[in-house]
Amino acid sequence: MVFQTQPKIFISRGEIAKAVNRLACEINKDYQDKQPLLICVLKGSFMFTADLIRQLDLPLELDFVRLSSYGAARESSGKVRVVQGVKTPIKGRDVLVIEDIVDTGITISFLLDYLKKKQPASLKLCTLTDKPSRRRVPVPIDYRGFTVPNKFIVGYGLDLNQRFRNLPDIYTLED
Ligand code: 5GP
Ligand code: MG
């Protein structure tokens with residue numbers, strides 16, 4: 001791993017594992033007797049989703065959605081596109097969206113609107129991290145791993161220009 005500035009572990013793999021465990025307990029409880037459809041928001045949420053679903057004792061289904069809003073920038077362009085839509089029928093399903101980070105909220109609120117139009121029985125959001133200080137659109141978060149300050153984070157699926165997704169801990173590139 002090569003960082004240009006000195007990297008700092010911001011959230012360790014141990015802390016992540018504990019949060020994943022806690023969230024899985026809540027989801028197992030809330031969705032008992034249900035067959036939820038989990039939707040992993042690519043690419044950033046792949047590692048979180050993989051860890052989370054291994055702790056879910058539910059007859060769940062998994063699908064993926066890919067959105068684009070950022071390009072190579074760190075800031076949201078404010079324009080969101082569905083690059084790869086959900087293939088599984090949504091109507092009447094208990095849908096749980098799995099996100100890596102809710103920052104301005106623009107991306108996820110676009111996705112939630114897109115999914116709502118498909119008439120799910122229920123629609124909830126689970127995010128590993130939440131950066132509320134940057135919010136521009138209100139977002140209802142049902143399951144939250146960590147609240148993070150206004151710093152750019154990478155690792156555990158989160159990238160900077162497509163790099164650092166493979167790091168097992170979460171780092172911040174700023175002081
Ligand atoms: P929003 O539309 O909420 O501003 O942006 C959400 C998306 O922006 C996330 O799914 C993620 O791809 C990216 N993003 C926002 N903040 C960060 C951050 O601190 N680190 C990384 N790696 N991506 C971020
Ligand atoms: Mg994301």
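Each chain has its residues counted from 1, running along the sequence as written. Lettering for chains starts from A, numbering for ligands starts from 1, and both go in the order in which the items are written. Where totals are concerned, whole chains, interfaces and linings use all residues; where local detail is concerned, this predicted model gives features only for residues with pLDDT of at least 70, and gives and counts side-chain atom pairs only at 80 or more. Derived side-chain values reflect all non-hydrogen atoms in the structure, with water molecules and hydrogen atoms excluded from consideration.

Draft legend 1. Up close: helix α2 (residues 46-53). The cut-offs for exposure are 20% and 50% of the maximum accessible area for each residue type, with area from a 1.4 Å probe on protein chains only; residues under the lower value are buried, those over the upper are exposed, and the others partly exposed. Strands here are runs of E lasting at least two residues and helices are runs of H or I lasting at least four, both read from the DSSP assignment and numbered beginning at the N terminus. Buried residues of α2: Met47, Phe48, Thr49 and Leu52, and no others. In this analysis, two residues are considered to be in contact whenever any of their non-hydrogen atoms come within 4.5 Å of each other. Next to the buried residues of α2 lie α1 (13-30), β2 (37-42), β3 (61-68), β5 (94-102) and β6 (122-130).

Draft legend 2. The arrangement of the sheet that holds strand β1 (residues 8-11) in detail. Read across the open sheet, the three strands follow the order β1-β9-β8; overall the sheet is antiparallel. Edge strands, defined here as strands with exactly one partner in the open sheet, are β1 and β8 (153-154). Two strands pair under a simple rule: DSSP has to find at least two bridges between them. When β1 meets strand β9 (residues 170-172), the two strands line up antiparallel, connected through three bridges. Note on β9: the bridge partner recorded for Ile11 is Ile170.

Draft legend 3. Fine view of the pattern of salt bridges. Just to be clear on terms, a salt bridge is a Lys or Arg side-chain nitrogen sitting within 4 Å of an Asp or Glu carboxyl oxygen. Under the defined criterion, the tally for this structure stands at 11 salt bridges. With a shortest N-O distance of 4.0 Å, Lys124 and Asp30 are connected by a salt bridge. Taken as a pair, Lys124 in strand β6 and Asp30 in helix α1 lie far apart in primary sequence, 94 residues in all. Judged by its relative accessible area of 25%, Lys124 falls in the partly exposed class. The shortest N-O distance in the salt bridge between Asp113 and Lys116 comes to 4.0 Å. Note that Asp113 and Lys116 are positioned in helix α3 (residues 106-116) at a spacing of three residues, about one turn of the helix. For Asp113, a relative accessible area of 42% gives the class partly exposed. Within this structure, Asp103, Lys131 and Arg134 form a network of salt bridges that share partners.

Draft legend 4. Main features of unusual backbone geometry. Of note, the amide linkage connecting Leu42 to Lys43 takes the cis form, showing an omega dihedral of -5°. Assignment of secondary structure puts Lys43 in the loop between β2 and α2. The phi dihedral of Asp33 falls on the positive side, at around 70°, and the residue is not glycine. We classify Asp33 as exposed; its relative accessible area is 82%. You will see that Tyr156, though not glycine, has its phi angle at about 50°, which is positive. Within the secondary structure, Tyr156 sits in the loop between β8 and β9.

Draft legend 5. Representation of α1 in the model. Every helix has an expected span of 1.5 Å times one less than the residues it contains. Along its 18 residues, α1 runs 26 Å from first to last C-alpha, staying within 8% of the 26 Å computed at 1.5 Å per residue. Residues of α1 that are buried sit in contact with β1, α2, β5, β6, β7 (143-147) and β9.

Draft legend 6. Seen up close, the site of ligand 1. Note on terminology: near, applied to a residue and a molecule or strand, indicates that one of the residue's heavy atoms is within 4 Å of it. Neighbouring ligand 1 are 17 residues, the closest being Thr104, Gly105, Thr107, Ile153 and Asp159. The contact in question runs from an oxygen atom of ligand 1 to an N or O atom on the backbone of Asp103, over 2.9 Å. Only the protein chains shown count as cover for residues, and all accessible areas are computed by the Shrake-Rupley method using a 1.4 Å probe. Coverage of ligand 1 by the protein amounts to 92% of the 510 Å² it exposes when considered alone. Sorting the residues of the shell around ligand 1 by element identifies β5 and α3 as the ones contributing at least two each. Two N or O atoms form a polar contact when they lie within 3.5 Å of each other; inside protein one atom must be a possible hydrogen donor and the other a possible acceptor, and for residues adjacent in sequence the pair counts only when both atoms belong to side chains.

Draft legend 7. Spatial organisation of the sheet that holds β6. With mixed pairing, the six strands of this open sheet are ordered in space as β4-β3-β2-β5-β6-β7. At either end of the open sheet lies a strand with only one pairing partner, and these are β4 (81-84) and β7. Put simply, the sheet's adjacent strands are angled 30° from each other on average, direction ignored. Where β2 lies against β3, six bridges are found, and the strand directions are parallel. Each axis is a line fitted through C-alpha atoms, taken for helices only over the stretch in contact, and angles between the N-to-C directions span 0 to 180 degrees.

As far as function goes, none of this settles anything; it's purely spatial.
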